[in-house]
Amino acid sequence: MAAGSHAGPSICRRRRADRGGETSTTKEEHGMTHGARILHLRGAAGMDAIYRKISWRLLPLLMLCYAVAYLDRINVGYAKLQMGADLDFSNQVYAWGVGAFFLGYCLCAVPCNLLLEKIGARKTLLRIMLCWGTTAAVGAFVREPIEFYVIRFLLGVFEAGFFPGAILYLTYWFPSARRARVFAIFAAAALMAGAVAGPLCGATLTYMNRYGGLSGWQWLLVLQGLPAAALGIVAYFRLDDQPEDARWLSSFEQQMIAQDLERDEQALTGTANNDDDEDEQPSALATIWSLLRAPSIALLALANLLLMAASYALMVWTPALVQRWGTGETMQHGLLTAIPNLAGVIGMIVIGWDSDRRRERRGHFIACVVLAVGGLGLAIAGDNQLALSLAGLALAATGVAAAAPLLVSILTAQLNRRRAAAGIALVVSFGLVGGAVGPSLGERILAWGDSAAMLAAMIVMYLAAGAILLWALRLAPRRGGPSAGHGETDKMARN
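Residues numbered from 1 in each chain as written. Predicted model: local features only at pLDDT ≥ 70, side-chain atom pairs only at ≥ 80, totals over all residues. Heavy atoms only, no water.

K.L.:
Is there a simple way to think about the overall build of the protein in this case?
P.N.:
Tallying secondary structure elements over the protein gives 17 helices and zero strands in all. Here the protein holds 495 residues, and 52% of them are scored as buried. In the protein, the proportion of contacts linking residues at least 24 apart, taken out of those at least 6 apart, comes to 81%. Of the roughly 22,600 Å² of accessible surface on the protein, 63% is carried by carbon and sulfur atoms. (Helix = DSSP H or I, 4+ residues; strand = E, 2+ residues; numbered from the N terminus. Buried < 20%, exposed > 50% of the residue type's maximum accessible area, 1.4 Å probe, protein only. Contact = heavy atoms within 4.5 Å. Areas by Shrake-Rupley, 256 points an atom, 1.4 Å probe, with all protein chains shown as cover.)

The following block contains the structure:
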């Protein structure tokens, strides 16, 4: 195969010198043969095998990185159990530290994603993970509140580029019709990390306390921070920036992937290769301003804010709710709180797979909202009965977890190459604002009323997110989708 690819140009040059009139005919015949060969491979081997190969190469490492990042984000909640005694930090200091993280994240998500677009994913992930892993480990040695604030702010700054950057990176490899399941599998890493966070952090706090002169919370931050730095080095050598850089893909596989991605781009812009002229590309500020002025993108950002506010509130307050519903044993409590997370992992992967199979997004998102609202309603109707209320939370977690990857899939299908980096980071930043506000709002409602009042507030937020997403899709311009080039009706063109 390699020899043929090198021989081809020399043969063409020789024929052009001897029989100039036959050159174009030879090229046309070669192009037709090449196209027929690609079409044959598409039909025989199938694109599924190619994208399965890509998934097994990229997703396990990205999921592991995301799980470690998620642990570094939430482990301060467990570290706080011992930090308060060692450092005399009040709850207000802890709350300001959490807010500093979200502030740094929201400020730097868009610049980090724009930088990834310029320098590539490998260098970006190396920089991000080395910096955040080192910063997380250094957090074990803070002594004053101001040091704690600075560490949490820097952790938000460095981690800001990871999730939106990983989403952008996956759009370089997968066309819009295949992204829901890929995003769902990737995002499942956070739920799996949340499920193991309690036992893992609890064991570290218990068994490593005072070992080597360090407290358990210090060991917790060090042992969960340094792996991120190591994974950054692994990602640099393991990942490739683009499909055309991947030596583990054949040239035909690379070309078929490029065809799928180019079809997406043509469906969005209506023309082929319209952004090859670098001189016509707008500035970053102009791109961000155009995104903010686009009604459908702005509404998707608002829907994500409401969705993440309710989701983070549910995640943070699930242990307290389960405790209120009647479990007293610590081990039993930890196992029961893992049930909604496990249900969410299964639900988001299955629903994402079905959404790709049916090539439909809107109906699946609304179904997720119905699941979330129905589950929370069941938890309220359970009237503090553990079994019924926990079943309602598991049902709600299924809908909540599956809705987020669908929203991101809908978003990426509306962004061309020029706007993808800024658009993904912008919408994710709005979601993080919701993540900062949601748990605090839940605490206020829980203090004012009871668990039913807090769950009712979440129902309102989920319904509002669903309504806003429908509104955004109605305002989105009608475009041809992945099947438009074949004359087929494509449900994903607007859905």
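Having seen the structure, we can now continue with the description.
K.L.:
Honestly, the nonpolar core in this entry has me stumped. Any pointers?
P.N.:
Counting 131 residues, the largest nonpolar core has Ile-54, Phe-162, Trp-173, Phe-186, Met-458 and Tyr-462 as the members making the most contacts within it. Top contributing element to this core by residue count: helix 3 (residues 47–87), with 16 residues. The contacts of Ile-54, once residues within four sequence positions are left out, are Trp-173, Phe-174, Trp-248, Leu-249 and Ile-257. Core analysis: the second largest hydrophobic core is formed by 16 residues, Val-93, Val-142, Cys-201 and Trp-217 among them. (Core = buried A, V, L, I, M, F, W, Y, C linked by side-chain atoms within 4.5 Å.)

K.L.:
Looking at this structure, how should I read the environment of Val-350?
P.N.:
Mapping Val-350 onto the fold places it in helix 13 (residues 330–358). Once the C-alpha coordinates of Val-350 and Arg-181 are considered, the two residues, 169 residues apart in sequence, prove to be 7.8 Å apart.

K.L.:
What should I look at first to understand helix 8 (residues 179–207) in this one?
P.N.:
Spanning 29 residues, helix 8 covers 42 Å between terminal C-alpha atoms, matching the ideal 42 Å at 1.5 Å per step. Of all bends in helix 8, the biggest is about 45 degrees, found at Ala-197, and the proline Pro-199 comes one to four residues later. (Expected span 1.5 Å × (residues − 1). Bend = angle between axes of the 7 residues up to and from the residue.)

K.L.:
Explanation requested: the confidence of the model for the protein in the structure shown.
P.N.:
Fine structural detail should not be taken from predicted coordinates in areas where pLDDT scores are low. The pLDDT averaged across the protein works out to 80; a share of 82% of its residues lies at or above 70. Segment residues 271–279: pLDDT under 50, and 13 contacts once partners within four positions in sequence are set aside and those in other chains are kept. (pLDDT = per-residue confidence, 0-100.)

K.L.:
Would you explain the pattern of salt bridges in this entry?
P.N.:
Pairing between side chains of opposite charge can happen when the charged atoms of each approach one another. If you walk through the whole model with that rule in mind, you get 12 salt bridges. Asp-86 is the salt-bridge partner of Arg-210, the closest N and O atoms lying 3.5 Å from each other. With a gap of 124 residues between them, Arg-210 in the loop between helix 8 and helix 9 (216–238) and Asp-86 in helix 3 connect regions that are remote in the sequence. On the basis of relative accessible area, Arg-210 is assigned to the exposed category, the value being 53%. On the basis of relative accessible area, Asp-86 is assigned to the partly exposed category, the value being 35%. A salt bridge links Asp-264 to Arg-179, with the shortest nitrogen-to-oxygen separation between them at 3.9 Å. Here Asp-264 is found in helix 10 (residues 251–269), whereas its partner Arg-179 is found in helix 8, with 85 residues between them in sequence. (Salt bridge = Lys/Arg side-chain N within 4 Å of Asp/Glu carboxyl O.)

K.L.:
Would you mind showing me how to read the side chain of Asp-240 here?
P.N.:
The topology assignment puts Asp-240 in the loop between helix 9 and helix 10. No salt bridge is formed by the buried Asp-240; the nearest opposite charge belongs to Arg-57, separated by 4.4 Å. Residues within four places of Asp-240 in sequence aside, it is in contact with Arg-57, Arg-122, Tyr-169, Trp-173, Asp-245, Ala-246 and Trp-248. (Lys, Arg positive; Asp, Glu negative; His and termini not counted.)

K.L.:
Sorry if this is basic, but what is going on with unusual backbone geometry here?
P.N.:
Across the chain, the bulk of peptide bonds are trans and the bulk of non-glycine residues have phi less than zero. Despite not being glycine, Arg-210 has its phi angle at roughly 70 degrees, a positive value. Look at Arg-359: it is not a glycine, yet its phi comes out positive at around 55 degrees.

K.L.:
Looking at this structure, how should I read the packing of aromatic side chains?
P.N.:
When we look at a pair of aromatic rings, we describe it by the centre distance and by the angle of the planes. Per the stated rule, a full pass over the model turns up 16 aromatic pairs. Taken together, a centroid distance of 5.7 Å and an interplanar angle of 50 degrees make the contact between Phe-89 and Phe-148 tilted. Taken as a pair, Phe-89 in the loop between helix 3 and helix 4 (91–119) and Phe-148 in helix 6 (residues 145–159) lie far apart in primary sequence, 59 residues in all. Across this residue pair, the class does not change: Phe-89 and Phe-148 are buried. Ring centres of Phe-101 and Tyr-105 lie 6.0 Å apart, and the angle between their planes is 55 degrees; on these two criteria the pair is classed as tilted. With Phe-101 and Tyr-105 both in helix 4, this residue pair falls four residues apart, about one helical turn. An aromatic cluster of at least three residues, connected via ring pairs, comprises Tyr-66, Trp-132, Phe-162, Phe-163 and Phe-186. Directly above the ring of Tyr-236 sits Arg-122, whose terminal nitrogen or CZ lies 4.1 Å from the centroid. (Phe/Tyr/Trp six-rings, centres within 6.5 Å; stacked < 30°, edge-to-face > 60°. Lys NZ or Arg CZ within 6 Å of the ring centre and 35° of its normal.)

K.L.:
How do you make sense of the packing of helix 3 against helix 9 when you look at a structure like this?
P.N.:
How two helices sit against one another is set out by the angle between their axes and by the gap between those axes. For the pair helix 3 and helix 9, the least separation of the axes is 8 Å and the interaxial angle reads 160 degrees. Considering the angle they form, helix 3 stands roughly antiparallel to helix 9. With respect to the hand of their crossing, helix 3 and helix 9 are arranged in left-handed fashion. Its residues assigned to classes, the contact of helix 3 with helix 9 comprises 16 nonpolar, five polar and four charged. (Axes fitted to C-alpha atoms, helices over the stretch in contact; angles between N-to-C directions. Parallel < 35°, antiparallel > 145°, perpendicular 65-115°, else oblique. Left-handed = near helix turned anticlockwise from the far one by under 90°. Nonpolar A, V, L, I, M, F, W, Y, C, P; charged D, E, K, R; others polar.)

K.L.:
Just to check I follow, could you spell out a nonpolar patch on the surface for this structure?
P.N.:
A cluster of nonpolar side chains, Leu-130, Ile-233 and Phe-237, forms an exposed patch at the surface whose accessible area comes to about 300 Å². On the secondary structure map, Ile-233 appears in helix 9. (Patch = residues over 30% accessible without salt bridge, like charges linked within 9 Å, V, L, I, M, F, W, Y side chains within 5 Å.)

K.L.:
Whenever I open this one, the packing of helix 5 (residues 121–138) against helix 6 confuses me. Can you help?
P.N.:
Running from N to C, helix 5 and helix 6 cross one another at 160 degrees; their axes reach a closest spacing of 9 Å. Overall, the two elements helix 5 and helix 6 adopt an arrangement that is roughly antiparallel. As helix 5 packs across helix 6, the resulting crossing turns out to be left-handed. Here Ile-128, Cys-131, Trp-132, Thr-135, Ala-136 and Val-138 of helix 5 lie close against helix 6, whose contacting residues are Ile-151, Leu-154, Leu-155, Phe-158 and Glu-159.

K.L.:
Where do I start with the side chain of Glu-360 in this structure?
P.N.:
Among the structural elements, Glu-360 can be located in the loop between helix 13 and helix 14 (362–381). Although buried, Glu-360 forms no salt bridge, and the nearest oppositely charged side chain, Arg-362, lies 5.1 Å from it. Side-chain polar atoms of Glu-360 contact the backbone nitrogen of Arg-362, separated by 3.3 Å. (Polar contact = N/O pair within 3.5 Å; in protein donor to acceptor, adjacent residues only side chain to side chain.)

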